Amino acid sequence: MSLRSGLGAVRRKVLCSLYRRTVPLGNRGPIVSFSFDDFPRTAYSAGGAVLERFGVRGTYYAAFGLMNASNELGEQFRSEDMDSLLERGHELASHTFSHISCRSVSCAAFREDVEKGRKAIEEVTGVDSTNFAYPFGHVTLQAKRTLRLGPGSARSIAPGCNGPDIDLNLLRANSLYGDLDSAGRAEKLILENAKRKTWLIFYTHDVRPRPSAFGCTPSLLEAALSCAVRSGCRILTVREALAEVGVQNGNPKGHAPCAVSA
Ligand SMILES: [Zn+2]
């Protein structure tokens, strides 16, 4: 292990162990969730269609400030995409307003942008997007502490499965990038998740035959879904999975908050 990756692992361990807000997964697993960040239109038009063929739904973490924009991930979502995905039972979650890294601004500015993103989604769609994902997967201890009583959950890109205790302040998630040559890695994660009866979250961006470096092909998404179904995992949105463990509207049923540490 290089010094750099060693330091990265230590840092991640500290991030995962402090300012936790945990709920037990209990006997709800194994669960797999598919999420899409930012989000490019193809995540819904192509990715959503693949999910729907399996009779399941996904979670879309939208950074409202990206609406109608276009970048290397392709065209970003439009207002009608949000309406359509909600109508079809997918989950709309938030991803800050401006798609900023918590490493580049003050904690107060970051929190403000998180709130602004959530409010913008609510104003346009009427949906309270209680689940959140950190842009770029960047998490700092200060940001984790600042947001700990805010969104219902905050998803990171710390790899691995969630459970037996789920840290609502830092949901673990794994990239689903590339084409079918990445299917083996996804299948390994799914089988481990099935064996451990935990909750595995995948994230990706654009879904198209020639995806960006941060997206995947429809074939890879289909392969992962098919493997998840075959291995006996239930496929739920983040909201649905959290509702199963009693977290609704951002708080554990009947009381808030639970098991806040540090
Ligand atoms: Zn993003």
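Conventions and cut-offs
- Residues numbered from 1 in each chain as written.
- Predicted model: local features only at pLDDT ≥ 70, side-chain atom pairs only at ≥ 80, totals over all residues.
- Heavy atoms only, no water.
- Buried < 20%, exposed > 50% of the residue type's maximum accessible area, 1.4 Å probe, protein only.
- Helix = DSSP H or I, 4+ residues; strand = E, 2+ residues; numbered from the N terminus.
- Arc of directions from axis to C-beta.
- Contact = heavy atoms within 4.5 Å.
- Pairing = 2+ DSSP bridges.
- Right-handed = clockwise from strand over helix to strand, strands pointing away.
- Donors = N, O, S within 2.8 Å, 3.2 Å for Na, K, Ca; no water.
- Phe/Tyr/Trp six-rings, centres within 6.5 Å; stacked < 30°, edge-to-face > 60°.

Draft legend 1. Representation of helix H3 (residues 79–87). Those residues of H3 that sit buried are Asp-81, Met-82 and Leu-85. Projection of H3 onto a plane perpendicular to its axis shows the buried side chains occupying an angular sector of 100°, all on one side. Buried positions along H3 lie against helix H2 (41–53), strand E3 (59–62), strand E6 (91–94) and helix H4 (107–125). Just past H3, the residue Gly-89 takes up positive phi, approximately 90°.

Draft legend 2. How the structure looks around the pairing of strand E2 (residues 31–38). Across the eight residues that make up E2, a large majority, eight, are buried. Sheet topology places E2 next to strand E11 (residues 199–204); six bridges connect them, and they run parallel. What sits directly across from Phe-34, in E11, is Phe-202. Inspection of the sheet shows E2 paired to strand E12 (residues 234–235) by two bridges, in the parallel sense. Residue pairing for E12: Ile-31 is matched across the bridge by Arg-234. Bridging between E2 and E3 involves four bridges; their strand directions are parallel. Across the sheet, Asp-37 pairs through a bridge with Tyr-61, a residue of E3. In this region the chain leaves E2, passes through H2 and returns to the parallel neighbour E3; the handedness of that crossover is right-handed.

Draft legend 3. Expanded view of the environment of Tyr-60. As for its placement among the helices and strands, Tyr-60 is situated in strand E3. Separated by 23 residues in sequence, Tyr-60 and Asp-37 place their C-alpha atoms 6.1 Å apart. Contacts of Tyr-60, omitting those with residues within four sequence positions, involve Phe-36, Phe-39, Ala-43, Tyr-44, Gly-47, Gly-48, Leu-51, Leu-85, His-90, Glu-91, Leu-92 and Ala-93.

Draft legend 4. Layout of the side chain of Thr-204. Tracing the backbone through its elements, the reader meets Thr-204 in strand E11. Classification of Thr-204 as buried rests on a relative accessible area of 2%. With residues up to four places along the chain from it excluded, the contact list for Thr-204 reads Ser-35, Phe-36, Asp-37, Leu-176, Tyr-177, Phe-214, Gly-215 and Cys-216.

Draft legend 5. Main features of the coordination of the zinc ion. In the first shell of the zinc ion, the protein supplies Asp-38 (OD), His-95 (NE2) and His-99 (NE2), at 2.0 to 2.2 Å from the metal. Sequence spacing of the donor residues for the zinc ion, all on one chain, is D-x56-H-x3-H. By relative accessible area, His-95 is classed as buried at 1%. The exposure class of His-99 is buried, given its relative accessible area of 16%.

Draft legend 6. How the structure looks around the packing of aromatic side chains. Enumeration over the complete set of coordinates arrives at eleven aromatic pairs. Residues Phe-36 and Tyr-60 carry aromatic rings whose centres are separated by 4.8 Å and whose planes lie at 15° to one another, so their mutual orientation is stacked. Taken together, the residues Phe-36 in strand E2 and Tyr-60 in strand E3 connect sequence positions 24 residues apart. Tyr-60 shares its class with Phe-36; the two are buried.

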